[in-house]
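Next come the chains, spelled out residue by residue.
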Amino acid sequence: MTSTIEAPRSPYSRAPRSRGVNWEKWGWIYMRVSGVVLVVLIFGHLFVNLMVGEGVSALNFAFVAGKLTTPFWMVWDVLMLWLALIHGGNGMRTLVNDYATQRLTRGILKSAILAAVVILIVLGTLVVFTFDPCPAGSPADLLPSFCSAI
Amino acid sequence: MPEEIQSFTVTLIIRRYNPEVDDEPHWDDFDVQMYPTDRVLDALHKIKWEQDGSLSFRRSCAHGICGSDAMRINGRNRLACKTLIKDLDITKPVYVEAIKGLPLEKDLIVDMEPFFESFRAVQPFLVANNAPTDGKERIQTVAQRERFDDTTKCILCAACTSSCPVFWTDGQYFGPAAIVNAHRFIFDSRDDNAAVRLDILNDKEGVWRCRTTFNCTEACPRGIQVTQAISEVKQAMLRGME
Ligand code: HEM
Ligand code: SF4
Ligand code: FES
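Note that the coordinates shown come from a computational prediction; the quantities given were computed from them, not determined experimentally.

(A) Expanded view of the packing of aromatic side chains. Under the counting rule described, the total for this entry stands at seven aromatic pairs over all chains. Taking 5.7 Å as the distance between ring centres and 45° as the angle between the ring planes, the aromatic pair formed by phenylalanine 72 of chain A and tryptophan 76 of chain A counts as tilted. Here phenylalanine 72 of chain A pairs with tryptophan 76 of chain A, and both are found in helix α3 (residues 71–99), just four residues apart, close to one helical turn. Using a relative accessible area of 15% as the deciding quantity, one classes tryptophan 76 of chain A as buried. On the numbers, 5.5 Å between centres and 80° between planes, the contact of tryptophan 27 of chain B with tyrosine 95 of chain B is edge-to-face. Taken as a pair, tryptophan 27 of chain B in strand β2 (residues 26–34) and tyrosine 95 of chain B in strand β5 (residues 94–97) lie far apart in primary sequence, 68 residues in all. Chaining the aromatic ring pairs together yields one cluster made of Phe72, Trp73 and Trp76 of chain A. Above the plane of the ring of tryptophan 73 of chain A lies lysine 67 of chain A, whose end atom (NZ or CZ) is 4.3 Å from the centre. The residue whose ring lies beneath arginine 147 of chain B is phenylalanine 187 of chain B, and the NZ or CZ to ring-centre distance is 4.1 Å.

Given below as structure tokens:
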């Protein structure tokens, strides 16, 4: 009796070298460059939000609203948002390429990742640049101190 | 009379698979009497010759040169002929199985063809476009020879490639051994085809899939700094050859 052993993976033949932009190379470079910048941005963010002054107990609407009206922190947060989401999205793309073997599954998962990244970047950027730190009709003790000056 | 050398009973648990009768691989255990200076390969021989002749594995030189007997010993890729019993914890059974990520054929034997296919794809031979200056020899300085010395040591055992988690996922990644053998020629001053080899590996299944896990370096029985070689190939792609 002889049984045929199914090779556990697709045939040995390789697809021809793809032309155009080398996404794998640029993806690899992006992960490292964004990683270096993210170390500064993320740990700076955690340090300022959780450790400086009163630490974590200082966190409330007024604290965040105060930061989101300062151009320095707006740039910091938007940069962190874009870099981290593209970094995380590209990282998840790598994992999908590793583990999803079906063309269709790959397509669906990668589209979902792309959609999540685009939606979160658009929403996040919108929030940072259109944020209203002094919404009308809110109790003054919840708002940043500068609201009373308006 | 010289003092008698102490021997030990070692239990080996071997992952067996016979495609003609088994649907799935299964584990079989064997007790063998071994000296500390014996190797796992000797234990396999003892089992095959004295207990179960159907046990199948590859070996040729038995001295770490031919690259036939890479296998997973206690979860790590090793050459059976270079793994001494005294370096293993024999108070516990020793687990032996085929290397992972290549199609299992029988017991400890896998189909090496996907591995050799990747090896061949990087053109692992000297390509020189001009005649040597004195018509005889292509002279190299000591430093030029030293540049790629480490990667000349490869014996194509597949211990590295079959220890790589990226290779395990879908088997399409070129794998460390192919990159090591490309490195061997890319950095050889006598070779003229570095650009072609870099181009082959500068692709979706090439060096960019490497995640610097270091499993390959840990597995290599020749002590090749595999991960470093891969990084040098990446650098050559980013910065060009110096
Ligand atoms: C602290 C700053 C960070 C640094 C220095 C950093 C660095 C890196 C590097 C170098 C890689 C590539 C690994 C490789 O290909 O071998 C990577 C992968 C990855 N990163 Fe980050 N990263 C950081 C923050 C983040 C954040 C905030 C996220 C989530 C949004 C994230 C998600 C991922 C994912 C999903 C991967 C892919 C994992 C894999 O390939 O196995 N990282 N990171
Ligand atoms: S690089 Fe080392 S582990 Fe990999 S095939 Fe060559 S000798 Fe074996
Ligand atoms: S039998 Fe040749 S390398 Fe082990």
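(B) Broad picture of the sheet that holds β2 of chain B. All names here are of chain B. What the five strands build is an open sheet, ordered β2-β1-β5-β3-β4; its pairing is mixed. The open sheet has two edge strands with one neighbour each: β2 and β4 (76–79). Strand-to-strand, the axes of this sheet are offset by a mean angle of 35°, without reference to chain direction. Where strand β3 (residues 70–73) meets β4, four bridges bridge the pair, whose relative direction is antiparallel. Along β4, the bridge assignment pairs arginine 72 with asparagine 77. Those strands touched by helix α1 (residues 40–51) are β1 (8–16), β2, β3 and β5, and its axis lies near 100° from that of β2.

(C) Inspection of the pairing of β1 of chain B at higher detail. All names here are of chain B. Both β1 and β2 contribute to a ladder of nine bridges, which runs antiparallel. Across the sheet, the residue bridging to leucine 12 is phenylalanine 30, located in β2. Judged from the three bridges that link them, β1 and β5 form a sheet pairing that is parallel. Note on β5: the bridge partner recorded for isoleucine 13 is tyrosine 95.

(D) Region of interest: the UniProt feature "transmembrane region" (unreviewed entry) in chain A. All names here are of chain A. The sites that UniProt annotates as "transmembrane region" (unreviewed entry) are residues 29–52, 72–90 and 111–131. End C-alpha atoms of residues 72–90 are separated by 27 Å, and the span's content is 100% helix alongside 0% strand. Between the C-alpha atoms that bound residues 111–131 there is a distance of 29 Å. The span itself is 95% helix and 0% strand.

(E) Here's a closer look at the coordination of the iron atom of ligand 1. Counting protein donors to the iron atom of ligand 1 gives just one, His87 of chain A (NE2), placed at 1.9 Å. The topology assignment puts histidine 87 of chain A in helix α3.

(F) Looking closely at the site of ligand 1. In the vicinity of ligand 1 there are 13 residues, among which Met31, Gly35, His87 and Gly91 of chain A together with Arg211 of chain B approach most closely. Mapping the residues adjacent to ligand 1 onto the chains of the assembly identifies chains A and B. Arginine 32 of chain A is positioned with one of its side-chain polar atoms (N or O) 3.3 Å from an oxygen atom of ligand 1. Contact between ligand 1 and arginine 211 of chain B: an oxygen atom at 3.0 Å from a side-chain N or O atom of the residue. Contributing elements (two or more residues each) for the shell around ligand 1: α1 (23–51) and α3 of chain A. Counted by class, the shell around ligand 1 contains seven nonpolar, four polar and two charged residues.

Analysis parameters
- By convention here, each chain's residues receive numbers from 1 onward along its written sequence.
- Both sets of labels track the order of writing: A upward for chains, 1 upward for ligands.
- Since the coordinates come from a predicted model, pLDDT governs what is reported: local features require at least 70, and pairs of side-chain atoms require 80 or more to be given and counted, while whole-chain, interface and lining totals use all residues.
- To get the side-chain values, take all heavy atoms of the structure and skip hydrogens and water.
- Any pair of Phe, Tyr and Trp rings, taking the six-membered ring for Trp, is counted once the centres come within 6.5 Å. Such a pair is stacked with planes under 30 degrees apart, edge-to-face with planes over 60 apart, and tilted for the rest.
- Note on conventions: DSSP H or I runs of at least 4 residues are helices, E runs of at least 2 residues are strands, and numbering of each starts at the N terminus.
- Any residue under 20% of the maximum accessible area for its type is buried, any over 50% is exposed, and the rest in between are partly exposed; the area is computed with a 1.4 Å probe on protein chains only.
- Whether a charge sits over a ring comes down to the Lys NZ or Arg CZ being within 6 Å of the ring centre and within 35 degrees of the ring normal.
- The criterion for strand pairing is that DSSP finds at least two bridges linking the strands in question.
- Structural elements are reduced to axes, namely lines fitted to C-alpha atoms, with helices fitted over the stretch in contact, and the angle between N-to-C directions of any two is expressed from 0 to 180 degrees.
- Contacts are assigned to residue pairs that have any heavy atoms within 4.5 Å of one another.
- UniProt positions are given in the numbering used here, feature names are shortened, and annotations may be inferred rather than shown by experiment.
- Listed donors are limited to N, O and S atoms within 2.8 Å of the metal, widened to 3.2 Å for Na, K and Ca; water is not among them, so incomplete-looking sites are possible.
- Nearness is judged by heavy atoms alone; a residue qualifies as near a molecule or strand once a single heavy atom is within 4 Å of it.
- Polar contact criterion, stated in full: a pair of N or O atoms within 3.5 Å, where within protein one must be able to donate a hydrogen and the other to accept it, and residues adjacent in sequence count only if both atoms are side-chain atoms.
- Residues were grouped as follows: Ala, Val, Leu, Ile, Met, Phe, Trp, Tyr, Cys and Pro as nonpolar; Asp, Glu, Lys and Arg as charged; and all remaining residues, including Gly, as polar.

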